[in-house]
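# Examining the three-dimensional arrangement
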Amino acid sequence: MNRSRTRVVIRRLGIAAVGAVAVVGVAAGPAAAHAEVTASDPRALAEKVTLSFTSEAESETAGIAELRVVLPKGIAPDALTLKDAPKEWKLTATADGYTIGGPALPTGTDAEYSVTVRQLPDEKSLAFKTLETYGDGKVSRWIEVPTAGEKVDNPAPVLQLKAAAPGAKPIAPGPSPTPSAAVPSPRASTASPSAPAASAGARAAGDEQAGGGTGAVLGAVAAVLLLAAAGAFRWLRRGRGRA
């Protein structure tokens, strides 16, 4: 093989190598950006845990303006509070999670924030499906949950949990408001104790009326007997006078 041919072969190999590197770089580019979650105490049933989220910026033309997160089973939207976030960003609860956002961050700036959770559920892992919205309207969806070790293109932030501490128990939910119908009103509670007294009074009045009726009957009988006795006495006196 002469030198000129050798140079051509080397040149072709070099071009192929550069092309391969470029292809790897393009393939790795989109996968480099992702969303992550970490915990101050990654144990099942741990209480007052700080969850820290990072969503890497992948747009070259706009910054992240809002994140929408779907909470995993076992964490209710009202069970967490915002701890730290970019300036002027606010957290708003939704039916299945929350949104957090505000003024768009500078282009290329990752969105980092943290929330405090009342208690983590008794699970082995928690997935926080996340949608990133940029200032120009572009949306990145980190919502795929890998199973059986498979790789996915847009993985959701997943938090692996350790076993619960000995004796750890789920926190009882707060007391729900008691229906108004079950709450006795002051008027009702006042009337209840007096009911037996009213019944007793009614019985006493009935007894008194019964006693009065019986006395009236006896009086009438006595009057009849007196009249009969007086009549008999007069009849006897008349009979004696005739004799």
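The structure this text deals with has already been given above.
Report on the accompanying structure.

Cut-off values and rules
Residues numbered from 1 in each chain as written. Predicted model: local features only at pLDDT ≥ 70, side-chain atom pairs only at ≥ 80, totals over all residues. Heavy atoms only, no water. Helix = DSSP H or I, 4+ residues; strand = E, 2+ residues; numbered from the N terminus. Buried < 20%, exposed > 50% of the residue type's maximum accessible area, 1.4 Å probe, protein only. Contact = heavy atoms within 4.5 Å. Pairing = 2+ DSSP bridges. Axes fitted to C-alpha atoms, helices over the stretch in contact; angles between N-to-C directions. Phe/Tyr/Trp six-rings, centres within 6.5 Å; stacked < 30°, edge-to-face > 60°.

## Thoughts on the overall build of the chain
- The helix and strand tally for the chain stands at two helices and eleven strands.
- Reading the chain from its N end, one meets helices and strands in the order α-β-β-β-β-β-β-β-β-β-β-β-α.
- Scored against the burial criterion, the 243 residues of the chain give a buried share of 21%.
- Within the chain, contacts between residues at least 6 apart in sequence are counted, and of these 69% link residues at least 24 apart.

## Some words on the sheet that holds strand 9 (residues 129-134)
- Pairing is antiparallel in the open sheet, where five strands are placed in the order 5-6-3-9-10. A strand with exactly one partner marks an edge of an open sheet, and here the two such strands are strand 5 (90-93) and strand 10 (139-142). Averaged over all pairs of adjacent strands, the angle between strand axes in this sheet comes to 15°, irrespective of strand direction.
- Summarising the sheet, strand 3 (residues 64-70) and strand 9 pair through six bridges and their orientation is antiparallel. Among the inter-strand pairings, Glu66 is bridged to a residue of strand 9, identified as Thr133.

## A short note on the sheet that holds strand 2 (residues 47-55)
- Spatially, the four strands line up as an open sheet ordered 1-2-7-4, and their pairing is antiparallel. Where the open sheet ends on each side, the last strands, each with one partner, are strand 1 (35-39) and strand 4 (80-84). Strand-to-strand, the axes of this sheet are offset by a mean angle of 25°, without reference to chain direction.
- Here four bridges tie strand 4 to strand 7 (residues 111-119), and the two strands are oriented antiparallel to one another. Paired with Thr81 across the strands is Thr116, a residue of strand 7.

## Observations regarding the environment of Glu112
- Mapped onto the secondary structure, Glu112 falls in strand 7.
- Along the primary structure Glu112 and Phe53 are separated by 59 residues, whereas in three dimensions their C-alpha atoms are 5.7 Å apart.
- In contact with Glu112, not counting residues within four places along its chain, are Phe53, Thr54, Ala85 and Pro86.

## Some thoughts on the packing of aromatic side chains
- Taken as a whole and judged by the stated rule, the model has three aromatic pairs.
- Aromatic pair Phe53 and Phe128: ring centres 5.3 Å apart, planes at 80°, arrangement edge-to-face. With Phe53 in strand 2 and Phe128 in the loop between strand 8 (125-127) and strand 9, the pair connects residues that are 75 residues apart, well separated along the chain. Side by side, Phe53 and Phe128 carry an identical accessibility label, which is buried.
- Consider the rings of Tyr98 and Tyr113, whose centres lie 6.3 Å apart with planes at 85°: the pair is edge-to-face. Taken as a pair, Tyr98 in strand 6 (residues 97-101) and Tyr113 in strand 7 lie far apart in primary sequence, 15 residues in all.

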